[in-house]
Amino acid sequence: MMHGPVATIRAEAIARAEAAAERADTARRRADWLTHAVLILGVALFALPIWIVLMGSTHDVATVSRGEVPLLPGPYAVENYAAAWTEGSARTTRVPVSAMMLNSFVMAMLIAVGKIAISILSAYAVVFFSFPGRLLAFWAIFITLMLPVEVRIFPTFQVVSDLGLVNTYTGLILPLIASATATLLFRQFFLTIPDELVEAAKMDGAGPLRFFKDVVLPLSTTNIAALFVILFVYGWNQYLWPLLITTSADVETIVIGIVKMIGAEADTEWNRVMATTVLALLPPVAVVILMQRWFVKGLVETEK
Amino acid sequence: MRKKVIFPQVGLPYLLLLPQLAITFVFFFLPAGQAIWFSFLRQDAFGIRTEFVGLENFVELFQDPLYLDSVWITLVFSFWVTALAMSVALGLAVLADRHIRGATAYKTLLIWPYAIAPAVAAVLWIFIFHPQIGLLGKFLNGIGVRWDYKLNGTQALITVIVASAWKQVSYNFLFFLAGLQSIPRSVLEAAAIDGASPARRFWTVVFPLLSPTTFFLLVINLTYAFFDTFGVIDALTKGGPAKATSTLIYRAYIDGRVNLDLGSSSAQSVVLMLAVIALTAVQFRFIERKVHY
Amino acid sequence: MATLTVHGVPKSFGKVAVLHGIDLSVADGEMIVIVGASGCGKSTLLRIVAGLETATEGRIVISGADVTRLEPAERDIAMVFQNYALYPHMSVFENMSYGLRIRGVPKPEIARRVQQAAEMLGLGALLQRRPRELSGGQRQRVAMGRAIVREPKLFLFDEPLSNLDAKLRVAMRAEIKRLQRRLGVTSLFVTHDQVEAMTLGDRLVVMNQGRAAQVATPMEIFARPADTYVAGFIGSPAMNFLPATLTEGGLGARIADGPVIRFADGPRPGMAGRALTLGIRPEHFALGGPLPLTPDLIEPLGSETVVHGRLPSGQEVTLRLAGMPASLGTLEIGIRAEHLHVFDGETGLRMDAQPAAALTPAWQGG
């Protein structure tokens with residue numbers, strides 16, 4: 001048997017420790033709960049503008065124009081979306097959303113694919129070859145990082161219009177392709193390909209094009225996917241450049257179209273604007289969420 | 001850095017570089033060079049005669065009180081967009097980084113605004129801020145606050161700041177979260193064993209370790225606020241009322257597109273270029289420093 | 001069947017010379033191991049033979065044909081890399097057959113060769129796997145398989161075992177040796193590991209600072225190292241080096257601050273007092289002798305004991321003794337003179353005993 005007092009002291013110590021542990025547990029639970037609450041609030045706040053537009057797009061124009069700001073779905077969803085899709089805004093622009101969506105899609109795809117294509121080729125040249133002017137070429141590309149298209153927008157417009165490319169896909173897309181981010185990402189990735197792999201391919205008799213096709217391209221798929229998401233979103237969301245370069249409805253993009261749809265507010269068919277907004281943000285949001293894994297990786301790595 | 005293993009072919013690399021170099025030359029160097037050249041020229045009213053005027057376009061620009069207003073508006077606007085977008089994102093990232101259940105779900109729910117175009121974001125916020133059909137705008141007018149961002153310059157600025165910051169939060173959130181997750185657990189545990197309280201741990205350990213990310217985001221957010229917010233402003237306020245939201249990029253657009261003032265708009269382009277180059281230079285210096293970490 | 005000759009190959013990277021004119025001649029079916037510390041130029045030599053580096057001058061000849069200007073793929077050689085360099089997105093089968101496919105070998109022939117190599121290496125069941133689904137040893141085998149299916153004139157191994165854990169390394173070492181014997185392919189094998197070198201090579205090239213310090217069979221190198229570098233590099237624990245001076249008549253050496261050791265095999269040339277370095281392997285000491293050793297660390301290994309200690313001069317000495325010494329105090333040790341290596345104190349080159357007739361020092365006679 002233990003001594004009485006010692007046993008008591010020990011029991012007290014144990015009880016104290018248990019109480020402290022319980023307090024810590026409670027505190028942790030409370031903190032977790034609080035964390036969830038704040039995050040849910042944040043998410044809700046983030047989603048609120050979208051929610052309002054999503055709900056508004058299912059009501060008739062009078063409800064929205066009266067300023068009722070519906071927070072629950074109404075009965076006009078099919079009608080509004082169908083009207084927007086086939087007709088656009090009846091009182092203002094009258095360009096069907098489907099046509100503008102197609103333009104946006106073509107632009108986003110061509111920008112993404114074009115930029116990836118020219119970047120992967122030039123990065124391959126810069127990393128895997130040694131030739132006079134290599135450094136110069138690299139810097140010529142690298143320096144484009146310094147000036148986003150918005151900064152040089154008017155001079156670029158001048159050049160494009162001199163070339164007669166206003167209101168063409170070519171004029172819309174090519175200037176947006178001239179940028180270094182994708183080239184730098186590929187270069188970064190190519191530098192991590194072990195030298196031995198290139199040597200093994202040389203031993204196996206693969207020339208540079210064969211090595212590119214059989215090894216570099218398959219190994220780059222993750223990077224290509226990541227860049228695709230970023231560039232598709234970038235292309236889809238262009239505003240200033242298309243605003244300048246497109247004056248005809250034939251090449252008008254959805255992002256421009258929405259703003260034009262609002263026009264003079266007295267006439268605005270807000271419910272169709274809302275439906276169009278939902279349609280306009282659906283493709284890039286879908287691409288980001290569906291390809292989230294590559295997208296996050298790509299984003300963080302492009303900016304390194 | 002470069003590889004030691006290379007292919008010996010001589011012509012091929014030029015062929016591979018050709019598309020990008022051609023596009024870069026035609027749509028980057030040519031316009032940038034022209035902008036610089038035109039910024040020293042002035043056309044007469046009929047666009048017939050062009051004369052070299054040296055720095056006169058720049059002098060005129062910086063003597064124009066409206067232009068200086070634009071500079072000030074741009075600074076105020078950029079400061080608030082950056083401060084809002086970064087602080088909210090940091091707060092959310094710190095919470096999401098706590099090892100709670102559903103952290104990935106929150107991440108998914110917070111990143112999608114990245115995909116929304118600035119102009120579309122602006123349209124979304126119309127339905128919050130519009131004095132008649134907007135949730136908040138209508139409410140404010142209902143309780144007696146006179147709210148109309150189309151008439152009140154301050155309110156217009158608040159509106160474009162909130163809409164611009166909203167869109168940028170998810171981008172910042174992603175980077176802050178990545179930065180937080182790259183902080184080694186052991187460092188935090190060591191701080192906890194040293195007895196630092198959670199708040200103290202954050203300000204003395206986490207925040208300093210996060211400073212590369214913070215600094216990087218600072219530059220990115222400023223660049224975003226300078227240029228990418230054109231769509232927000234054009235869709236919400238068109239630079240108004242009374243030029244209250246006319247930032248430098250918006251003004252450059254109006255002068256070039258509407259006023260067709262080639263010399264002045266070129267000079268404005270050059271000023272913007274210098275601003276970006278300065279920002280980028282700061283960023284590069286920082287990247288250099290990062291190497292020493 | 002192939003022979004390899006390397007004629008006077010130097011190599012510099014910028015101003016730094018990493019190889020100083022190497023000459024080497026490899027017989028058909030021979031396994032040559034190139035061994036040396038990191039930075040000695042051994043990998044560069046291998047890569048020049050492979051065609052991955054271009055030699056500054058000199059010639060590489062494979063089976064009589066000058067390949068110096070040829071691309072690696074045209075040299076009919078195969079290489080196994082340190083990190084295996086498997087194509088991560090290809091299956092084992094695709095990895096092994098890639099070189100054959102590029103060369104346009106007919107499909108049935110490819111299948112036959114890959115199958116054969118896979119069986120030889122025990123990879124038969126793994127042909128559809130990706131490299132990341134394989135263990136280190138299996139990857140190593142795939143890398144070997146890729147070389148084997150090519151049926152090349154020459155195998156090149158660039159430290160292929162250094163990424164494996166110790167146990168696997170021993171097993172793979174034996175396997176490589178068996179395979180090479182069986183296939184009879186002339187091989188160059190680069191390693192920094194002296195045990196690998198001793199066990200694998202028909203002959204070794206010990207490299208030091210861009211020069212071949214010695215080219216000989218493993219036993220020759222162990223028994224008669226050409227200089228102090230080779231002597232210190234091969235053997236574990238490393239050979240002890242004691243500074244000494246030549247005694248009158250070249251018949252013995254006086255260890256610094258110590259006794260005179262009489263050479264067992266004959267006199268060395270030179271004047272009395274010539275600076276020498278005596279080399280003695282740890283296992284070639286004997287208990288009972290004129291040297292008092294103060295042990296400062298004793299490592300019992302079971303069947304033997306390694307003793308680290310100091311002589312009165314402060315010279316550090318390592319001994320390997322059978323069993324365990326009876327006392328742990330100061331040990332009286334002696335040198336078994338028949339195992340003594342004598343090196344020139346200045347150049348570090350080996351000095352062999354001279355026949356008694358020719359006592360005139362070569363370096364004086366010119």
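> What am I meant to see in the overall build of chain B here?
The number of helices and strands found in chain B is 13 helices and two strands. Along the three orthogonal principal directions, the C-alpha set of chain B runs to about 75 × 75 × 30 Å. Among the 293 residues that make up chain B, the fraction classed as buried is 53%. Long-range contacts, defined here as pairs at least 24 residues apart, represent 67% of the contacts in chain B between residues at least 6 apart. For chain B, the accessible surface area stands at approximately 13600 Å², while carbon and sulfur atoms represent 68% of it. Side-chain charges in chain B split into 22 positive and 15 negative, and the spacing between the mean points of these groups amounts to 14 Å.

> What am I meant to see in the packing of aromatic side chains here?
Between two aromatic rings, the relevant description is the distance of the centres plus the angle of the planes. Across all of its chains, the model carries 44 aromatic pairs over all chains by this definition. Seen in terms of ring centroids, Phe128(A) and Phe211(A) are 5.8 Å apart; in terms of plane orientation they differ by 70°. Their pairing is edge-to-face. With Phe128(A) in helix α4 (residues 97-128) and Phe211(A) in helix α10 (residues 208-219), the pair connects residues that are 83 residues apart, well separated along the chain. For Phe128(A), a relative accessible area of 0% gives the class buried. Here the guanidinium or amino end of Lys167(B) rests over the ring plane of Tyr114(B), the centre of that ring lying 5.5 Å away.

> How should I be thinking about the pairing of strand β4 (residues 59-62) of chain C in this particular structure?
Sheet faces and side chains relate simply in a regular strand, where the side chains alternate between the two faces. All names here are of chain C. Inspection of the sheet shows strand β1 (residues 4-13) paired to β4 by four bridges, in the antiparallel sense. Paired with Leu-4 across the two strands is Ile-62, which belongs to β4. Relative to strand β5 (residues 65-66), β4 runs antiparallel, the two being bridged by two bridges. Across the sheet, residue Val-61 finds its bridge partner in β5, namely Asp-66. Between the end of β4 and the start of β5, which pair antiparallel, lie two residues, with Ser-63 showing a positive phi angle near 50°.

> I'm lost on the domain arrangement of chain A in this one. Help?
The parts lose accessible area when they come together, and the size of an interface is often stated as this lost area. Residues and elements named next belong to chain A. Domain boundaries in chain A define domain 1 (4-80) and domain 2 (89-302). Taking only C-alpha atoms, the centre of domain 1 and the centre of domain 2 are 38 Å apart. Taken together, the contact between domain 1 and domain 2 spans 12 residues of the former and 10 residues of the latter. Both sides together, the interface formed by domain 1 and domain 2 hides about 840 Å², and carbon and sulfur atoms give 79% of it. For the pair domain 1 and domain 2, the interface holds one residue pair in polar contact (both at pLDDT 80 or more). Secondary structure elements with two or more residues in the side of domain 1 that touches domain 2: α1 (4-56) and α2 (61-65). For the side of domain 1 that touches domain 2, the element with the highest residue contribution is α1, accounting for five residues. Residue composition of the side of domain 1 that touches domain 2, grouped by class: six nonpolar, five polar and one charged.

> Mind showing me how you'd approach the side chain of His130(B) here?
Residues and elements named next belong to chain B. Relative to the helices and strands, His-130 is located in the loop between α5 (118-129) and α6 (135-142). Residue classification places His-130 among the buried positions, given a relative accessible area of 4%. In terms of polar contacts, His-130 uses its side chain to reach the backbone amide nitrogen of Gln-132, at 3.0 Å.

> Teacher, can you tell me more about the sheet that holds strand β8 (residues 186-191) of chain C here?
Sheet strands pair by backbone hydrogen bonding; their relative direction is either parallel or antiparallel. Residues and elements named next belong to chain C. The six strands lie next to each other as β6-β7-β8-β3-β9-β10, forming an open sheet whose pairing is mixed. The sheet is open, and its two borders are formed by β6 (77-80) and β10 (211-216), each paired with just one other strand. Shown here is a sheet whose adjacent strand axes are inclined to one another by a mean of 15°, direction ignored. Note that strand β9 (residues 203-208) and β10 share five bridges and pair antiparallel. Along β10, the bridge assignment pairs Met-207 with Ala-212. Against the sheet, helix α1 (residues 42-50) engages β3 (31-35), β6, β7 (154-158), β8 and β9, with an angle of about 150° to β7.

> Honestly, the nonpolar core in this entry has me stumped. Any pointers?
Of all hydrophobic cores here, the largest spans 226 residues; its most connected members are Tyr124(A), Phe128(A), Phe190(A), Ile116(B), Phe127(B) and Leu188(C). Ranked by the residues each element gives to this core, the list is headed by α4(A), at 16 residues. Counting residues in hydrophobic clusters, the runner-up holds 44 residues, among them Met31(C), Val105(C), Leu126(C) and Met172(C).

> Which parts of the structure should I look at to understand the packing of α4(A) against helix α7 (residues 169-177) of chain A?
How two helices pack is summed up by the angle between their axes together with the distance between the axes. Residue and element names in this part refer to chain A. Axis separation between α4 and α7 bottoms out at 9 Å; the angle between their running directions is 40°. It follows from the interaxial angle that α4 and α7 lie oblique. In this structure, the crossing between α4 and α7 has a hand that is right-handed. Together, Asn-103, Val-106, Met-107, Leu-110, Ile-111, Gly-114, Lys-115 and Ile-118 of α4 and Tyr-169, Leu-172, Ile-173, Leu-176 and Ile-177 of α7 make up the contact between the two elements. Of the residues belonging to the contact of α4 with α7, the class tally is 10 nonpolar, two polar and one charged.

Here is what the cut-offs are and how they apply
Residues numbered from 1 in each chain as written. Chains lettered and ligands numbered in written order. Predicted model: local features only at pLDDT ≥ 70, side-chain atom pairs only at ≥ 80, totals over all residues. Heavy atoms only, no water. Helix = DSSP H or I, 4+ residues; strand = E, 2+ residues; numbered from the N terminus. Buried < 20%, exposed > 50% of the residue type's maximum accessible area, 1.4 Å probe, protein only. Contact = heavy atoms within 4.5 Å. Areas by Shrake-Rupley, 256 points an atom, 1.4 Å probe, with all protein chains shown as cover. Lys, Arg positive; Asp, Glu negative; His and termini not counted. Charge placed at Lys NZ, Arg CZ, Asp CG, Glu CD. Phe/Tyr/Trp six-rings, centres within 6.5 Å; stacked < 30°, edge-to-face > 60°. Lys NZ or Arg CZ within 6 Å of the ring centre and 35° of its normal. Pairing = 2+ DSSP bridges. Domains from an automatic or database assignment. Buried area = accessible area lost by both parts, 1.4 Å probe. Polar contact = N/O pair within 3.5 Å; in protein donor to acceptor, adjacent residues only side chain to side chain. Nonpolar A, V, L, I, M, F, W, Y, C, P; charged D, E, K, R; others polar. Axes fitted to C-alpha atoms, helices over the stretch in contact; angles between N-to-C directions. Core = buried A, V, L, I, M, F, W, Y, C linked by side-chain atoms within 4.5 Å. Parallel < 35°, antiparallel > 145°, perpendicular 65-115°, else oblique. Left-handed = near helix turned anticlockwise from the far one by under 90°.

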